[in-house]
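Each chain, letter by letter, is given below.
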Amino acid sequence: MKNKKEIEFICPKCKAKELIPTYIVEMLDASDQIGVDTSMPPRFDCQKCNGKMVPIYYIGVKGQVYEFKEK
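The structure contained in this document is the topic of the report that follows. Numbering of residues starts from 1 in every chain and runs along the sequence as written. Whole-chain, interface and lining totals are the exception, using all residues; otherwise, since this is a predicted model, local features are given only for residues with pLDDT of at least 70 and side-chain atom pairs are given and counted only at 80 or more. Values reported for side chains reflect all heavy atoms of the structure, with hydrogen atoms and water molecules removed beforehand.

### Some words on unusual backbone geometry
At step 1: Of note in this structure, Lys-15 is not a glycine but carries a positive phi near 70°.
At step 2: Checked against the element boundaries, Lys-15 lands in the loop between strand E1 (6-10) and strand E2 (17-21).
At step 3: Categorising residues by exposure relies on relative accessible area from a 1.4 Å probe, with only protein chains included: less than 20% of the type maximum marks a residue as buried, more than 50% marks it as exposed, and the intermediate range marks it as partly exposed. A relative accessible area of 37% means that Lys-15 is categorised as partly exposed. Strands are runs of DSSP state E lasting at least 2 residues, helices are runs of H or I lasting at least 4, and numbering of each runs from the N terminus.

Shown next, in the form of structure tokens:
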């Protein structure tokens, strides 16, 4: 299943949600990031608290599936 035009992100800390354009998420995912943990999805700073937003569901550029599950 291909990603939609936007990826929905959620902040696990405050539960804020935000739509991020897929091309931005994929650009960050594909960039050469030495020393980055590839088991972690691309993350963004939450604008409402000091948490890190994660995708609710995203298929990475290398086929890795990232799915947010409430703990």
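### Examining the pattern of salt bridges
At step 1: The rule for a salt bridge is simple: a side-chain nitrogen of Lys or Arg has to be within 4 Å of a carboxyl oxygen of Asp or Glu. Evaluated as defined, the whole model comprises three salt bridges.
At step 2: The salt bridge involving Asp-45 is made with Lys-52; its shortest N-O contact spans 2.4 Å.
At step 3: What makes Asp-45 partly exposed here is its relative accessible area of 47%.
At step 4: Here Lys-52 falls in the partly exposed class, since its relative accessible area comes to 42%.

Keep in mind these values describe shape, not function.
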